[in-house]
Amino acid sequence: MMKGDVRVTTSMTGFASGTGAALGYRWAWDLRSVNARGLDLRLRVPDWVSGLEQGLRARLPKAANRGAINLSLRLTREESGSAVALDSAALDAVLDALTEVETRAMDRGLTLAPSSAQGLLALRGVLEASASDDPETAPLLAALLDDFEGVVTAFVEMRKAEGAALHGVLAEALTRIAELAADARRIAAERRGDMDDAFRASLARVTDAVDVDPDRIAQELAVLAVKSDITEELDRLDAHVVAARELLAQEGPVGRKLDFLMQEFNREANTLCSKSQHSGLTSVGLELKVVIDQLREQVQNVE
C-alpha cells in the first residue's frame, strides 16, 4: 500500500501458489503462512539445485517480518528427453534379497512365481530419472528464483488484503471500547450522587449511635472515595485507544506493540470491574472485557 493510506495493517495469514516450466523442467510452488511470535521459515525444496534454498531464504524475509511460513516446491523433469539411470548397487541388493527369499521358500516347500526384469526395474530406487545428471544447475536456479518473485508478490498482496479486512475489525473494536469508556464516565457521574447520599445516610446512623471523631470520619470517607474513583482507569483506556489507532496507521510490523497494548487494556477493564460498586458499571466493565478479548484474538494475526 502507498504511504499515507490508513489501511496499512498486514496480516500474518497468507497463501500463494504458482507453476512454471523452463529448461526441460516443470515446477509448482506452494507458499503459505500463519501467525507466530517471530519469523519461522520452513522450506521443502530439491537439494540438488545448488543455491536454491539459500536464494529462497534470502528473499522471504523481504516479504514478511513475522509469521510461520511454509514453502514447498515440486520440481520434475519433463518426460520428453528425460534420461534414466540404473542404480547397480540398489539392483544388487534387490537380487540378493530375492535370492534369499526364494531359498527360504524352497526350504519350506513353497513355489514362488518367477520374477521378471520389468518387475525388478519398477522397484523404488533401481531405475530413476536422472533429474540431476547435468551438474550445471545455475540456469535452472536462475529460472526458479525469477519465477518465485511472482509468487512472493502474490503472497504479499494476499497478506495485505487480509490485513485490510483485519484493520476494519480492529478499528470497529477500538470504537466500541471508546464508546463503553464514555458510558462508564456517564454512569460514574450518576453513581457519585448515589454514593454521596449513601455515605451521608451511613454517617448519620454512625454518629447517632456512637461518638465518632469527625476527622476520622472524613479520612475514611476520603479513602472510600479514592477506592471507588475510576477516572484514572478511564483516562488510560482513552489513551490506549488513541495509541492503538496510531499503531494501526503506521507503516511496518506493529503486531508485537499491539499485543502488549492489549494487556494494558485488559488491566484497566479488570480494575474498573473491581471498583464499580454499581450494577451499571459492572455491566459496562464486563462488556469491555469481552470486546478487549475479541480484539486481542484478532491482534494475534497482525504482523
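Let me sum up the structure you'll find in this document.

Turning our attention to the packing of helix α6 (residues 231-248) against helix α7 (residues 255-275). One way to put it is that α6 packs onto α7 with a least axis distance of 10 Å and a crossing angle of 160°. By the angle between their axes, α6 is roughly antiparallel relative to α7. The handedness of the crossing between α6 and α7 is left-handed. From α6, Glu233, Leu234, Arg236, Leu237, His240, Val241, Ala243, Ala244, Leu247 and Leu248 reach across to α7, where they touch Lys257, Leu258, Leu261, Glu264, Phe265, Glu268, Thr271, Leu272 and Lys275. Taken together, the residues of the contact of α6 with α7 break down into eleven nonpolar, two polar and six charged.

To continue, consider the nonpolar core. Across soluble globular proteins, nonpolar side chains have a tendency to be buried as a group. Residues Ile177, Leu258, Phe265, Leu288 and Leu295 are the most contacted members of the largest nonpolar core, which totals 32 residues. Within the residue set of this core, elements represented by two or more residues are α4 (138-209), α6, α7 and α8 (279-299). Here the element with the most residues in this core is α4; it accounts for ten residues. Formed by 28 residues, the second largest nonpolar core is a distinct cluster that contains Ile69, Leu73, Phe155 and Val156.

As a further point, take the pairing of strand β2 (residues 25-34). Taken residue by residue, a regular strand's side chains alternate between the two faces of the sheet. In this sheet, β2 lies alongside strand β1 (residues 14-22) in antiparallel orientation, the contact comprising nine bridges. When the bridges of β2 are listed, Ala21 appears paired with Arg26. Hairpin connection, β1 to β2: the antiparallel pair is bridged by two residues, and Leu23 has positive phi, about 55°. The pairing of β2 with strand β4 (residues 67-77) spans ten bridges and is classified as antiparallel. Residue pairing in the sheet places Leu31 in a bridge with Leu71 of β4.

Under the counting rule described, the total for this entry stands at 16 salt bridges. A salt bridge links Glu264 to Arg267; the nearest nitrogen and oxygen atoms lie 2.7 Å apart. Linking Glu264 with Arg267, this pair stays in helix α7, spanning three residues, or about one helical turn. Residue Glu264 is classed as buried on the basis of its relative accessible area of 18%. Among the charged side chains, a network of salt bridges with common partners joins Glu232, Glu233, Arg236, Glu268 and Lys275.

So, on to the sheet that holds β4. Strand order in the open sheet formed by four strands is β1-β2-β4-β3, and the pairing between neighbours is mixed. Either end of the sheet is taken by a strand with one partner, and the two such strands are β1 and β3 (39-44). Averaged over all pairs of adjacent strands, the angle between their axes in this sheet comes to 10°, without regard to strand direction. Sheet analysis places β3 next to β4, joined by six bridges and oriented parallel.

What follows concerns the side chain of Thr9. Mapped onto the fold, Thr9 is located in the segment before β1. In this structure Thr9 comes out as buried when scored by relative accessible area, which is 4%. For Thr9, the residues in contact, after removing those within four places along its chain, are Lys160, Gly163, Ala164, Leu166, His167, Leu248 and Val302.

Counted by the stated rule, this structure contains two aromatic pairs. Summarising the aromatic geometry, the rings of Tyr25 and Trp48 are spaced 5.9 Å apart at their centres and angled 40° between planes, so their arrangement reads as tilted. On the criterion of sequence distance, the pair formed by Tyr25 in strand β2 and Trp48 in the loop between β3 and α1 (52-63) is long-range, its members being 23 residues apart. Residue classification places Trp48 among the partly exposed residues on the basis of a relative accessible area of 25%. Residues Trp29 and Phe148 carry aromatic rings whose centres are separated by 4.8 Å and whose planes lie at 45° to one another, so their mutual orientation is tilted. Placement of the pair is Trp29 in strand β2 and Phe148 in helix α4, with a sequence separation of 119 residues. Taken individually, Trp29 and Phe148 each receive the classification buried, so the pair is uniform in this respect.

The rules we used
Residues numbered from 1 in each chain as written. Predicted model: local features only at pLDDT ≥ 70, side-chain atom pairs only at ≥ 80, totals over all residues. Heavy atoms only, no water. Axes fitted to C-alpha atoms, helices over the stretch in contact; angles between N-to-C directions. Helix = DSSP H or I, 4+ residues; strand = E, 2+ residues; numbered from the N terminus. Parallel < 35°, antiparallel > 145°, perpendicular 65-115°, else oblique. Left-handed = near helix turned anticlockwise from the far one by under 90°. Contact = heavy atoms within 4.5 Å. Nonpolar A, V, L, I, M, F, W, Y, C, P; charged D, E, K, R; others polar. Core = buried A, V, L, I, M, F, W, Y, C linked by side-chain atoms within 4.5 Å. Buried < 20%, exposed > 50% of the residue type's maximum accessible area, 1.4 Å probe, protein only. Pairing = 2+ DSSP bridges. Salt bridge = Lys/Arg side-chain N within 4 Å of Asp/Glu carboxyl O. Phe/Tyr/Trp six-rings, centres within 6.5 Å; stacked < 30°, edge-to-face > 60°.

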